[in-house]
Amino acid sequence: MACTSTAPLVMRIMASSIQIAGRAGRIIRDVMSKGDLGIVEKAKDDLQTEADRSAQRCIVASLERLFPNVTIIGEEGKTDLKVPEDWLVSDLNTDFLERNTCPDALKQVKESDLVIWVDPLDGTSEYTQGFLERVTVLIGISVNDRAVGGVIHQPYFESSTGSLGRTIWGVKGIGTGGFTPTRPPTNRFIVTTTRSHSDAIVQSALDAVSPDEVLRVGGAGYKVLQLLEGNAHAYIFASRGCKKWDTCAPEAVLEAQGGKLTDMIGRHYYYGKEVSFPNVCGVLGTASGISHEDILAKMPENVKEAMNKTH
Ligand code: AMP
Ligand code: MG
Ligand code: MG
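Residues numbered from 1 in each chain as written. Chains lettered and ligands numbered in written order. Predicted model: local features only at pLDDT ≥ 70, side-chain atom pairs only at ≥ 80, totals over all residues. Heavy atoms only, no water.

Enquirer: Is there a simple way to think about the packing of helix α1 (residues 9-34) against helix α2 (residues 50-66) in this case?
Expert: For any two helices packed against each other, one specifies the inter-axial angle together with the distance between the axes. Where α1 meets α2, the axes come as close as 9 Å, and the angle between the chain directions of the two elements is 155°. Looking at the two axes, α1 sits roughly antiparallel to α2. The element α1 and its partner α2 pack so that their crossing is right-handed. Packed against α1, whose contacting residues are S16, S17, I20, R23, A24, I27, I28 and V31, the element α2 presents E50, A51, S54, A55, C58, I59, S62, L63 and L66 at the interface. Here the residues of the contact of α1 with α2 sort into 11 nonpolar, four polar and two charged. (Axes fitted to C-alpha atoms, helices over the stretch in contact; angles between N-to-C directions. Helix = DSSP H or I, 4+ residues; strand = E, 2+ residues; numbered from the N terminus. Parallel < 35°, antiparallel > 145°, perpendicular 65-115°, else oblique. Left-handed = near helix turned anticlockwise from the far one by under 90°. Contact = heavy atoms within 4.5 Å. Nonpolar A, V, L, I, M, F, W, Y, C, P; charged D, E, K, R; others polar.)

In C-alpha cells, the structure reads:
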C-alpha cells in the first residue's frame, strides 16, 4: 500500500503512465474517427500519422510536467509540448498504487537513473490498414540501462461489455496486471513475427524452428501480447528494424511474467540515455515456460552471421 505522493518514483511513474496511455489511446481513436490520418513517410516502410504525433505530445507533455528531471525519449523526436489542457494527465492510477508494493531493488531509484521510452503508437502500418486491434501505446521504464517496467495499452481492445481499450502493465519483481496471463498450448509450436518487414534472413530464422503455425501480425507490443495471452510461444524477428521504444515496455512486461526478451544472439538490450535507437541484432521473445536457449541453439549460421554483422 502506498499513498500517491509518497510512493517510490518508479511506482509513481508506472501509476501515471497507466493513466496517460489511456488518454493517448483516446486521441488515437479520435484521429481515426475524424478520418484525416495525415500520413507522412518518415523512411521506407516507416509511416507516421497525426495519431502518432498527437499521442506522443500528450504522453511526453504529461510525463515531463510530472517528472521534469527524467529523460524521456519518444519515437517521434522533439515535438511541440504546448498541448490542449485536456491532453495533460496529472492523476495517478490509485488501484495500481494501493495493490502493489515497490520491490526493494527499485525503492531508491532516482530520476537520473531512469529513461522512459515512448512509442506513442506501435503498429502504424496496422493502424493505416485497419488492423486496429494490433495498435498499442507503449511506455517503457528503464533503470540503470535495464527495462524494468512498462505499460502496453490497446486502444481498440473490445471488452465483453463492449467498451474500448485496455491497459496491461508489468514491473519486474511485482508481476503483471490488466489481463489474464495464459500459457500457450503444449501440443503445437506457434511463432509470431512481422507482417510487413520480412526478408530472407527473417524467414530463415522462422524455418529453423519448424513452427506448426506462424502468426504474421504487426506491432512489437501486439506480438508480445500474443506471448502473454498464450497465442504464441515465441516472437522471432531476425532483422534490425525494431527500436528501443518498441521493445522496452514489452520486454519489461514479458519478463515480469516470467518470459524473456533479448536480441537474436540472446543478449538483453541496454536502454540507457546514450544508446543508439535501432535494435540491430533483432528480437527474440519467449513466453513464460518456453526455453529461450533451445530456440537460440537452432539458429543457423546465416542468421547468426547476419545478426553479428549488424552489431
Ligand atoms: P513489425 O513487427 O514489422 O510490426 O515491427 C515492429 C516495430 O518495429 C514497429 O514499430 C515497426 O515500425 C518497427 N520496424 C520493424 N522493422 C522495420 C523496418 N524495416 N523499418 C522501419 N521500422 C521497422
Ligand atoms: Mg513501434
Ligand atoms: Mg510508433
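Enquirer: Any chance you could explain the sheet that holds strand β4 (residues 114-122) here in plain terms?
Expert: Strand pairing in a sheet takes place through backbone hydrogen bonds and is either antiparallel or parallel in direction. Pairing within the open sheet is mixed, and its six strands lie in the order β3-β4-β5-β6-β7-β8. Edge positions in the open sheet fall to β3 (71-74) and β8 (175-177), since each of these has one partner strand only. Strand after strand, the sheet turns through a mean of 15° between neighbouring axes, direction not considered. Where strand β5 (residues 136-143) and strand β6 (residues 146-158) come together, seven bridges link them in antiparallel fashion. The partner of V143 across the bridge, within β6, is R146. Across the sheet, α1 lies against β4, β5, β6 and β7 (164-171), angled at about 30° from β6, the strand it touches most. Across the sheet, helix α7 (residues 244-256) touches β3, β4, β5, β6, β7 and β8, and the angle it forms with β6 is around 95°. (Pairing = 2+ DSSP bridges.)

Enquirer: I keep staring at the domain arrangement of the protein chain and nothing clicks. Help me out?
Expert: Reports often express the size of an interface as the amount of accessible area lost when the parts come together. We note that the domain assignment places domain 1 (4-177) and domain 2 (190-309) within the protein chain. The distance between the C-alpha centroids of domain 1 and domain 2 comes to 21 Å. Surface buried jointly by domain 1 and domain 2 totals about 2,900 Å² across both partners, of which 62% is contributed by carbon and sulfur atoms. Among the residues domain 1 hides against domain 2, the three largest losses belong to W117, R134 and D145. Together they make up 22% of the total. Our count for the contact surface shared by domain 1 and domain 2 stands at three salt bridges. With its nearest N and O atoms 3.2 Å apart, the salt bridge here joins E255 to K172. Seen at the junction of domain 1 and domain 2, the total is 12 residue pairs in polar contact (both at pLDDT 80 or more). The set of elements that each furnish at least two residues to the side of domain 1 that touches domain 2 consists of β3, β4, α4 (124-129), β5, β6, β7 and β8. The class makeup of the residues in the side of domain 1 that touches domain 2 is 15 nonpolar, 15 polar and 12 charged. (Domains from an automatic or database assignment. Buried area = accessible area lost by both parts, 1.4 Å probe. Salt bridge = Lys/Arg side-chain N within 4 Å of Asp/Glu carboxyl O. Polar contact = N/O pair within 3.5 Å; in protein donor to acceptor, adjacent residues only side chain to side chain.)

Enquirer: Is there a simple way to explain unusual backbone geometry in this structure?
Expert: A negative phi angle is the norm for most residues apart from glycine, just as the trans form is the norm for most peptide bonds. Residue D45 is not a glycine yet carries a positive backbone phi of 60°. Relative to the helices and strands, D45 resides in the loop between β1 (40-43) and β2 (46-48). Residue D45 is classed as partly exposed on the basis of its relative accessible area of 43%. With a phi close to 80°, D145 is a non-glycine residue in the positive phi region. Position of D145 among the secondary structure elements: in the loop between β5 and β6. D145 gets classed as partly exposed once you look at its relative accessible area, which sits at 33%. (Buried < 20%, exposed > 50% of the residue type's maximum accessible area, 1.4 Å probe, protein only.)

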